Amino acid sequence: MKHLLAASDLDRGQALSILDLAEQMQDIQGREVKKIPALRGRTIINLFFEDSTRTRTSFEIAGKWMSADTINVSAKGSSVSKGESMKDTLLTLDSMGVDCLVIRHAGSGTVQQAASWVRASVVNAGDGAHEHPTQALLDAYSMRQHWRGLDGGEVNDFEGRTVAITGDLLHSRVVRSNVSLLTTLGAKVLLCAPPTLMPTGASGWPVEIVDSFDEALCRADIAMMLRVQRERMSSGFFPSEREYIDGWGLTATRLQGLRPGVAIMHPGPMNRGLEISSEAADSIGSLVLNQVSAGVAVRMSVLYHLLGGSQDDTTQEGENA
Ligand code: CP
């Protein structure tokens, strides 16, 4: 694999390979010395043209724990703010001999374009409303860990599982990557949103569109809530927050009605009190912080699949020195 640009780039075998290696990587999170030599001598630049907490930090930690040199570049503070084009910025950084560019950009399709310009490997860390493949991978990882916990470690795939994705689907790159990856892995996906926030063309996706949020919750093994992206809304997409909550909010009342074992997910950042109540976000069934934790392990695995050498390199530094 040279790049990871979209969840649809991955076949089932590649996706499972990333999830399996992430399990080994997650062991490192529990060690006192969080360092393996897997990417020693490699240089990774996190190039973020759009804000991020989870993705940028976890890619930086992932690179550092694997002994890569990781550098963060954001639009603010770089020559982008002086008017340098994205292409010139990329060619400049690529000319320095970096091995991997992890890129987030507000424009859908820009990261794919970037990959065609540079010699380095490129990872899409989120482009507009298009794709966020490592988010989908960490979501799938978190689901699998949850189901293994419920089923005593016997169930290791997605067949027969139903994931309901609800919220502002129109502006979401997470929904597109999750639909692609979850269907590749064999899960059924239900989509639920106000009609104004359902992407045009979603009826052609390999999903079932469900009008009633309460019906979606009844059928789901996972309730994945997505953020209302107010910063991308130039006009009213729903009459009021009260009506949004009544129709599509995971409220404390709806939380009480969930079947046992139904897990709650949200990629973050969350609008507490809008698409998800604090009672749901902080409940025993919430995987929100598991998702954050999985983000480091999954991104280690992705970087290793793109840049790594032999499996021996995934042992702790000093173990095989
Ligand atoms: N989920 C996600 O991509 O979060 P950040 O915007 O904080 O990276």
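Residues numbered from 1 in each chain as written. Predicted model: local features only at pLDDT ≥ 70, side-chain atom pairs only at ≥ 80, totals over all residues. Heavy atoms only, no water.

Caption draft 1: Structural detail: the sheet that holds strand E5 (residues 162-166). Taken together, five strands build an open sheet; the order of strands is E7-E6-E5-E8-E9 and the sheet is parallel. The sheet terminates laterally at strand E7 (208-209) and strand E9 (263-265), the two strands that pair on one side only. Bridging between E5 and strand E6 (residues 188-192) involves five bridges; their strand directions are parallel. Note that in E6 the partner of Thr 162 across the bridge is Lys 188. (Pairing = 2+ DSSP bridges. Helix = DSSP H or I, 4+ residues; strand = E, 2+ residues; numbered from the N terminus.)

Caption draft 2: Region of the structure containing the environment of Leu 16. Examined against the element boundaries, Leu 16 turns out to sit in helix H1 (residues 12-29). Linking Leu 16 and Leu 182, residues 166 residues apart in sequence, is a C-alpha distance of 11 Å.

Caption draft 3: Here's a closer look at the site of the ligand. Looking at the ligand, the residues that line it are Ser 52, Thr 53, Arg 54, Thr 55, Arg 104, His 132, Gln 135, Pro 267 and Gly 268. His 132 places a side-chain nitrogen or oxygen 2.9 Å from an oxygen atom of the ligand. Contact distances for the ligand include 3.1 Å between a nitrogen atom and a side-chain N or O atom of Gln 135. For the ligand, the protein covers 91% of the area, taking 260 Å² as the surface of the free molecule. Looking at which domains feed residues into the shell around the ligand, each of domain 1 (7-132 + 294-314) and domain 2 (133-291) gives three or more. (Near = heavy atom within 4 Å. Polar contact = N/O pair within 3.5 Å; in protein donor to acceptor, adjacent residues only side chain to side chain. Areas by Shrake-Rupley, 256 points an atom, 1.4 Å probe, with all protein chains shown as cover. Domains from an automatic or database assignment.)

Caption draft 4: Geometry of unusual backbone geometry. A cis geometry characterises the amide bond from Gly 268 onward to Pro 269, with omega recorded as -10 degrees. Looking at the element boundaries, Pro 269 is found in the loop between E9 and helix H10 (278-281). Located in the positive-phi region is Ser 67, a residue other than glycine, with phi close to 70 degrees.

Caption draft 5: Spotlight on the sheet that holds strand E2 (residues 69-74). Within the open sheet, the four strands sit side by side as E2-E1-E3-E4. Their pairing is parallel. At either margin of the open sheet sits one strand with a lone partner, and together these are E2 and strand E4 (121-127). Geometrically, the sheet is characterised by an average inter-axis angle of 15 degrees between neighbouring strands, direction not taken into account. In this sheet, strand E3 (residues 100-105) lies alongside strand E1 (residues 43-48) in parallel orientation, the contact comprising five bridges. For Leu 47, the partnering residue across the bridge sits in E3 and is Ile 103. (Axes fitted to C-alpha atoms, helices over the stretch in contact; angles between N-to-C directions.)

Caption draft 6: Representation of the domain arrangement of the protein within the structure. With domains assigned, the protein is organised as domain 1 (7-132 + 294-314) and domain 2 (133-291). Each of domain 1 and domain 2 has a C-alpha centre, and the two are 25 Å apart. Each side of the interface is counted separately: domain 1 has 32 residues, and domain 2 has 31 residues. Approximately 2,500 Å² of surface area, both sides summed, lies buried where domain 1 meets domain 2, with 57% of it carried by carbon and sulfur atoms. When the buried area of domain 1 at its contact with domain 2 is split by residue, Arg 12, Leu 19 and His 132 rank highest and sum to 25% of it. Counting across the interface, domain 1 meets domain 2 through four salt bridges. Across the pair Arg 144 and Asp 20 runs a salt bridge, and its minimum N-O distance is 2.9 Å. In this assembly, domain 1 and domain 2 are joined by 18 residue pairs in polar contact (both at pLDDT 80 or more). At the level of elements, H1, helix H2 (54-65), E3, E4 and helix H11 (288-307) are the ones that each hand at least two residues to the side of domain 1 that touches domain 2. (Contact = heavy atoms within 4.5 Å. Buried area = accessible area lost by both parts, 1.4 Å probe. Salt bridge = Lys/Arg side-chain N within 4 Å of Asp/Glu carboxyl O.)

Caption draft 7: Geometry of the pattern of salt bridges. Counted under the stated rule, the structure contains 14 salt bridges. In this structure, Glu 23 and Arg 144 form a salt bridge, with 2.9 Å as the shortest nitrogen-oxygen distance. Taken together, the positions of Glu 23 in helix H1 and Arg 144 in helix H5 (residues 133-150) put the pair 121 residues apart, joining distant regions of the chain. Between Glu 215 and Arg 219 there is a salt bridge; the shortest N-O distance is 3.1 Å. Highlighted residues: Glu 215 and Arg 219, both in helix H7 (residues 213-219), separated by four residues, approximately one helical turn. Residue classification places Arg 219 among the partly exposed residues on the basis of a relative accessible area of 31%. (Buried < 20%, exposed > 50% of the residue type's maximum accessible area, 1.4 Å probe, protein only.)

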